[in-house]
Amino acid sequence: MTEENIGILRLGSHGGLHLLVGREHYRIAAEDLRPLLLHGHAVPVTASVTGEREDGTVVTETAIVGHAAVNVPGRAVKVFTVSGHFIVPIVSVQRVARGEAVSAPLFPLVPEGWG
């Protein structure tokens, strides 16, 4: 992966998590953090998508562009987006979600058997 695709995870103003990957900006909603971190459920990763209607009106909508899930051992969160796949230790995600850390790096996820 290029340096442009390296990501950062940070806390948003409304309690959700923001994922900054290059020029892309994704979100995990605040109401999805409990199911993700406490119950291990997969949750949507969203982004704002701007488009133009036929009449020329500009419309901004929220679209699901990926998902986040806790890995099988429960030690990391894997994030799958249209920009790539990332992994971050679950402890780092928990610290950012609680406001104990300002941010955490998203590490590129390389499929097993590669390398």
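Above this text is the structure in question.
Everything quoted here is computed from the prediction, not taken from an experiment.

A.B. asks: Explain the overall build of the protein here, please?
C.D. replies: What the protein contains, in helices and strands, is two helices and eight strands. For the protein, the N- to C-terminal ordering of α and β elements is β-β-β-α-β-β-β-β-α-β. Taken against the 2.2 N^0.38 rule, which gives 13 Å for 115 residues, the C-alpha radius of gyration of the protein at 15 Å falls within 12% of a compact globule. Each principal axis of the C-alpha atoms in the protein carries an extent, and together these give about 50 × 35 × 25 Å. Among the 115 residues that make up the protein, the fraction classed as buried is 33%. Sequence-distant contacts in the protein: of pairs separated by 6 or more residues, those separated by 24 or more amount to 30%. Carbon and sulfur atoms form 53% of the exposed surface of the protein, whose accessible area is close to 7300 Å².

A.B. asks: Got a minute to help me understand the environment of arginine 23 in this structure?
C.D. replies: Residue placement: arginine 23 occurs in the loop between β2 (17-21) and β3 (24-28). Residue arginine 23 is classed as exposed on the basis of its relative accessible area, which comes to 80%.

A.B. asks: Explain helix α1 (residues 30-37) here, please?
C.D. replies: Residues separated by three or four positions in an α-helix point in the same direction, a consequence of the helix having 3.6 residues per turn. Taken as a whole, α1 has its buried residues at Asp32, Leu33, Leu36 and Leu37. On an axial view of α1, the arc spanned by its buried residues comes to 115°, and they lie on one face. Set apart from the buried face of α1 by more than 90 degrees, the exposed residues are Glu31 and Arg34. Contact partners of the buried residues in α1: β2, β3, β4 (43-52), β5 (58-70), β6 (76-81) and α2 (90-98).

A.B. asks: What's the story with the nonpolar core in this structure? I'm lost.
C.D. replies: In globular proteins that are soluble, nonpolar side chains generally tend to be buried together. Ile28, Ala68 and Val77 are the most contacted members of the largest nonpolar core, which has 25 residues in total. Those residues in contact with valine 77 that sit more than four places away from it in its chain are Leu36, Leu37, Ala68, Ala69, Val70, Phe86, Ile87, Val88, Ile90 and Val93.

A.B. asks: What is the right way to read the environment of arginine 95 from this model?
C.D. replies: Relative to the helices and strands, arginine 95 is located in helix α2. Between the C-alpha atom of arginine 95 and that of leucine 11, which follows or precedes it by 84 residues, the distance is 9.7 Å. Setting aside residues up to four positions removed in sequence, arginine 95 forms contacts with Glu100 and Ala101.

Basis of the calculations
- Residues numbered from 1 in each chain as written.
- Predicted model: local features only at pLDDT ≥ 70, side-chain atom pairs only at ≥ 80, totals over all residues.
- Heavy atoms only, no water.
- Helix = DSSP H or I, 4+ residues; strand = E, 2+ residues; numbered from the N terminus.
- Rg over C-alpha atoms; globule rule 2.2 N^0.38 Å.
- Buried < 20%, exposed > 50% of the residue type's maximum accessible area, 1.4 Å probe, protein only.
- Contact = heavy atoms within 4.5 Å.
- Areas by Shrake-Rupley, 256 points an atom, 1.4 Å probe, with all protein chains shown as cover.
- Arc of directions from axis to C-beta.
- Core = buried A, V, L, I, M, F, W, Y, C linked by side-chain atoms within 4.5 Å.

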